[in-house]
Amino acid sequence: MTQEHHSAQRREETQAQEQETTAAAGQDAGVDDLLDEIDGVLEQNAEEFVRGFIQKGGQ
């Protein structure tokens, strides 16, 4: 293989890694947004949320 071919292959691998990193960062941001939304709902309705998990009979 030629030096040019090796360089082109490395560039492609680097670009693929950068795309994966960008996609993962986007997913992390989406998860963070979702968790922030859940936190907001819990702050507003915490008592109601907890009551939903309390079993009848004090258990």
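Thresholds applied
- Residues numbered from 1 in each chain as written.
- Predicted model: local features only at pLDDT ≥ 70, side-chain atom pairs only at ≥ 80, totals over all residues.
- Heavy atoms only, no water.
- UniProt positions renumbered as here; feature names shortened; annotations may be inferred.
- Helix = DSSP H or I, 4+ residues; strand = E, 2+ residues; numbered from the N terminus.
- Buried < 20%, exposed > 50% of the residue type's maximum accessible area, 1.4 Å probe, protein only.
- Areas by Shrake-Rupley, 256 points an atom, 1.4 Å probe, with all protein chains shown as cover.
- Patch = residues over 30% accessible without salt bridge, like charges linked within 9 Å, V, L, I, M, F, W, Y side chains within 5 Å.
- Salt bridge = Lys/Arg side-chain N within 4 Å of Asp/Glu carboxyl O.
- Lys, Arg positive; Asp, Glu negative; His and termini not counted.
- Charge placed at Lys NZ, Arg CZ, Asp CG, Glu CD.

Per an unreviewed UniProt entry, the protein chain is named Prokaryotic ubiquitin-like protein Pup, and its organism is Paeniglutamicibacter psychrophenolicus. On record in UniProt, under Subunit (unreviewed entry), the comment for the protein chain is "Strongly interacts with the proteasome-associated ATPase ARC through a hydrophobic interface; the interacting region of Pup lies in its C-terminal half. There is one Pup binding site per ARC hexamer ring." As its UniProt record puts it under Pathway (unreviewed entry), the protein chain is described as follows: "Protein degradation; proteasomal Pup-dependent pathway."

1. Comments concerning the overall build of the protein chain
Of regular secondary structure, the protein chain possesses one helix and zero strands. Looking at the protein chain as a whole, 0% of its 59 residues qualify as buried. Roughly 5,600 Å² of accessible area belongs to the protein chain as shown, and the carbon and sulfur atoms make up 51% of that amount.

2. Comments concerning a negative patch on the surface
Together, D28, D32, D33, D36, E37, D39 and E43 make up a region of like negative charge exposed at the surface. Within the element layout of this structure, E37 appears in helix α1 (residues 3-51). The exposure class assigned to E37 is exposed, which follows from its relative accessible area of 55%.

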